[in-house]
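A look at the structure
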There are 2 protein chains.
Amino acid sequence: MNSNNVTIYDVAREAGVSMATVSRVVNGNPNVKPTTRKKVQDAIDRLGYRPNAVARGLASKKTTTVGVIVPDISNIFFADLARGIEDVATMYKYNIILGNSDSSRDKEVHLLNTLLGKQVDGIIFMGGRLHEDLVEEFKKSPVPIVLAATLNQGYDLPAVNIDYEQAAYDATQMLINHGHDRVGFITGPLEQQINGEKKFAGYRRALEDAGLPFHENDMILGNYTYASGLEAMQKMLQRDDCPKAIFAGTDEMALGVIHAIQDAGYSVPNDFEVVGHDNTRLATMIRPKLTTVVQPMYDIGAVAMRLLTKILNAEEIEEKNVVLPHRIERRDSLRQD
Amino acid sequence: MNSNNVTIYDVAREAGVSMATVSRVVNGNPNVKPTTRKKVQDAIDRLGYRPNAVARGLASKKTTTVGVIVPDISNIFFADLARGIEDVATMYKYNIILGNSDSSRDKEVHLLNTLLGKQVDGIIFMGGRLHEDLVEEFKKSPVPIVLAATLNQGYDLPAVNIDYEQAAYDATQMLINHGHDRVGFITGPLEQQINGEKKFAGYRRALEDAGLPFHENDMILGNYTYASGLEAMQKMLQRDDCPKAIFAGTDEMALGVIHAIQDAGYSVPNDFEVVGHDNTRLATMIRPKLTTVVQPMYDIGAVAMRLLTKILNAEEIEEKNVVLPHRIERRDSLRQD
DNA sequence: TTTCCAAATGGAAACGTTTTATATCGCATG
DNA sequence: CATGCGATATAAAACGTTTCCATTTGGAAA
């Protein structure tokens, strides 16, 4: 029997009550006599009734669905984040509509509007940078928006991040403390807020605090991929004043860096030391295993979603701008102290 | 101005027409005089009207949303698949509700019912094995379901896959042709249909066709992860009759295998040859680069979604059980011929 | 002109719930 | 034996669209 198209009205008739009563039973409203409740529940089971969430959404103005805008779900980084979001969402009975933006302003805006049209109860946004017109749209949004692994750039938006500046500082400092007077910085495009403002700033501050000058050409920008890390390091190796310590903006780039070094006949960590960023699963899938900044992607996603549920339930919120702790996981791409 | 809560009725009044006409304009119905269309469009722009997809879904019984059930989105494999699905979905104006099942029967069934309750127009399912009660639910589904990278096990369900048996055959044969009379097979649990029935069968058939016996202990089962591949190979290396050729069930396992070999002081491909499976991005992130069976995850997702749209549009379908081509990408973990 | 027909528009029902205001029931209380 | 009051239950009005049917409109043909 197709459990389809049996409505609350059918159940009501079958159970000999009104649809309002069925609605109460379905929604766990306490004002129902136990015997009635049982009668209704039996009818529901007998008919295989499944509430229509669309009708429910229209009547109640709540869809128990949240939108998730992500640059690219096939990126391990965002996939992990998404998993954190989804797990907490499930916990709170929400479902997730997922959309990829490719960090394109147009797609972001379009996606946002589609999601709002679908009446999601809230949105979690990830992106490299908040374009101005996107923020405009955010302001007009009738539902709350939470940023995950995305800086709010001073706008009054709830966000969950780590302290990227400090993390980069720590990583760079760790390398400096190992006796290097030059530290290479191989990372992604500077337009990306986190990368261009935070990591870069942390890197420079660490140099500065150590009394070291910043050399323009010790920094090479790629696109976060393995190939671009490899290529950047190859380029750097051609210089005779090549830094012997490298801080890479992502683990994937770090793998490329290590391979470039090894391909050139050098050893990590004996000749070169390398620190990565993110602590993706990749970090242990290389020899030597990668020392890396731990950015808890799953947790960021989970916390962002939890924050969203708090806003939706009008729970008290201590801090809208959450900064999760980071640390550096020491593995073999760094020499023992 | 909050573009919220302005309804089709407001637009109708503003434009001096009926809501039916507004509806026609919004839906691109041709039976509207150009001047009227313009008038309505202006009113829409002026008011910032955004159609309510929930109300639309209730009235039209179409939500332009499809459900996607995936074991674990944080797995690079499924993330890639999901991206393929989403891209094609976007192309056809669908959105995606994504849910993780962790391959748990209960979660799969629960997720399915939630999605059906949300009135999705169709579902794409990925999972290691089709449990019987899940198939029961599938049969009752009022909307079409397409399997992606999941065998239909003889049930009459549309599915998109590659020929896993033949792929495993090809990989094993390639190793045999390199002069090995034993080939190790390190893979995941046999309960998983694709793994336990197809890959395993292909492996055995290749041995058989080459007149080689199947040694029970040349096969080690793990859980697809890097760590389990590493561990399995370490175990195998302890045997004095250890196979010098390894076919790994996934790239991630293959990386573990290669590292185990290297850790033991041997060389790939000189001492050992290794072939992986999937051709994830990992395959090139190792030295030597991994020779691997190409399973086009993105394409499987894309084709599965396209197939679903065909079913939804009642387009003609040549073949419901799609088998995409596979091949072996030769890289350095195999010696030159 | 009138007649007719297609094109354009409008009216109202339907979609399946939630929710509010209202009614009824059962029962202790005075 | 009425009275009143929670506790339950009902009826009906939203919710914002689509869609079916009916009606009007504007020309072209007669």
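For the structure, see preceding data.
A brief structural summary. Every value quoted in this text rests on a predicted model; they were computed, and no experiment measured them.

1. Overview of the sheet that holds strand β6 (residues 184-187) of chain A
All names here are of chain A. With mixed pairing, the 6 strands of this open sheet are ordered in space as β7-β6-β8-β9-β10-β12. Every interior strand has two partners, whereas the edge strands, β7 (219-221) and β12 (327-329), have only one. Each strand axis lies, on average, 20° off the axis of its neighbour in the sheet, ignoring direction. In this sheet, strand β10 (residues 291-294) lies alongside strand β9 (residues 273-278) in parallel orientation, the contact comprising 4 bridges. Following the sheet pairing, histidine 277 is matched in β10 by valine 293. Across the face of the sheet, helix α10 (residues 226-237) comes into contact with β6, β7 and β8 (245-248) while running at roughly 150° to β6.

2. Some points on the relation of the copies chain B and chain A
Rotating chain B by 180° and translating it 0.0 Å along the rotation axis places it on chain A, where the RMSD comes to 0.1 Å. Each copy turns onto its partner about a two-fold axis. Ranked by how close their C-alpha atoms come to the rotation axis, the residues of chain B are headed by isoleucine 97 of chain B, at 2.2 Å. With an isologous cut-off of 70% or more, the 100% of interface residues of chain B that recur at the interface of chain A puts this contact in the isologous class.

3. Digging into unusual backbone geometry
The omega torsion of the bond from valine 268 of chain A to proline 269 of chain A falls at 10°, within 30 degrees of zero and hence cis. Mapped onto the elements, proline 269 of chain A comes out in the loop between α11 (251-263) and β9. Backbone torsion omega between arginine 287 of chain A and proline 288 of chain A reads -10°, so that peptide bond is classified as cis. Of note in the backbone geometry, aspartate 102 of chain B takes a positive phi value of approximately 55° without being a glycine. With respect to the element layout, aspartate 102 of chain B can be found in the loop between β2 (95-100) and α6 (105-117). Its identity as a non-glycine residue notwithstanding, serine 103 of chain B has a phi of 55°, on the positive side. On the secondary structure map, serine 103 of chain B appears in the loop between β2 and α6.

4. Some points on the packing of aromatic side chains
Throughout the structure, instances matching the rule amount to 14 aromatic pairs over all chains. On the numbers, 5.4 Å between centres and 75° between planes, the contact of phenylalanine 125 of chain A with phenylalanine 138 of chain A is edge-to-face. Of this pair, phenylalanine 125 of chain A sits in strand β3 (residues 122-125) while phenylalanine 138 of chain A sits in helix α7 (residues 132-140), placing them 13 residues apart in sequence. Seen from their ring centres, phenylalanine 200 of chain B and phenylalanine 214 of chain B are 5.7 Å apart, and the 65° between their planes marks the pair as edge-to-face. A residue pair is termed long-range when its members are at least 10 positions apart, and phenylalanine 200 of chain B in helix α9 (residues 193-209) and phenylalanine 214 of chain B in the loop between α9 and β7 (219-221) qualify at 14 residues. Overall, the relative accessible area of 23% leaves phenylalanine 214 of chain B in the partly exposed class. Clustering of aromatic rings is evident, with ring pairs tying together Phe185, Phe200, Tyr203, Phe214 and Phe247 of chain A. When the ring centre of tyrosine 169 of chain A is taken as origin, the NZ or CZ atom of arginine 205 of chain A, which lies over that ring, is 4.0 Å away.

5. Here we look at the protein's contact with DNA strand C
Surrounding DNA strand C, one finds 27 residues, the nearest of these being Ile8 and Ser23 of chain A together with Ser18, Arg24 and Thr36 of chain B. The share of sugar and phosphate among atoms of DNA strand C within 4 Å of the protein is 62%. A distance of 2.3 Å separates a phosphate oxygen of DNA strand C from a polar side-chain atom of threonine 36 of chain B. At 3.1 Å, a side-chain N or O of lysine 61 of chain B approaches a phosphate oxygen of DNA strand C. Breaking the surface near DNA strand C down by element, the ones donating at least two residues are α2 (19-26) and α4 (53-60) of chain A together with α2 (19-26) and α4 (53-60) of chain B. Looking at the surface near DNA strand C element by element, the count peaks at 4 residues for α4 of chain A. Looking at side-chain class alone, the surface near DNA strand C contains 12 nonpolar, 10 polar and 5 charged residues.

Thresholds, definitions, all that
Each residue is numbered by its place in its chain's sequence as written, counting from 1. Chains and ligands are labelled sequentially in the order written, the chains with letters from A and the ligands with numbers from 1. Side-chain atom pairs in this predicted model are given and counted only at pLDDT of 80 or more, local residue features only at pLDDT of at least 70, and totals for whole chains, interfaces and linings cover all residues. Only hydrogens and water are set aside when side-chain values are computed; all heavy atoms of the structure are taken into account. Any two strands with at least two DSSP bridges between them are considered paired. Under the scheme used here, helices are H or I runs from DSSP no shorter than 4 residues and strands are E runs no shorter than 2 residues, and both carry numbers assigned from the N terminus. Here an axis means a line fitted to C-alpha atoms, over the contact stretch when the element is a helix, while the angle between two N-to-C directions is reported on a 0 to 180 degree scale. We call two residues in contact when some of their heavy atoms are within 4.5 Å. Each copy is superposed on the other by least squares, with the fit set by C-alpha atoms of residues at a pLDDT of at least 70 in both. Only the six-membered ring of Trp is used, alongside the rings of Phe and Tyr, when aromatic pairs are assigned; centres must lie within 6.5 Å, and planes under 30 degrees apart are stacked while those over 60 apart are edge-to-face, with the rest tilted. Buried residues are those whose accessible area, probed at 1.4 Å on protein chains only, stays under 20% of the maximum for their type, while exposed residues exceed 50% and partly exposed ones sit between those limits. Counted as over-ring charges are cases with an Arg CZ or a Lys NZ within 6 Å of the ring centre that also lie within 35 degrees of the ring normal. Throughout this document, a residue counts as near a molecule or strand when at least one of its heavy atoms sits within 4 Å of that molecule or strand. Here a polar contact is taken to be a pair of N or O atoms separated by no more than 3.5 Å, where protein atoms must pair a possible hydrogen donor with a possible acceptor and residues adjacent in sequence count only if both atoms sit in side chains. Amino acid classes used here: Ala, Val, Leu, Ile, Met, Phe, Trp, Tyr, Cys and Pro are nonpolar; Asp, Glu, Lys and Arg are charged; the rest, including Gly, are polar.

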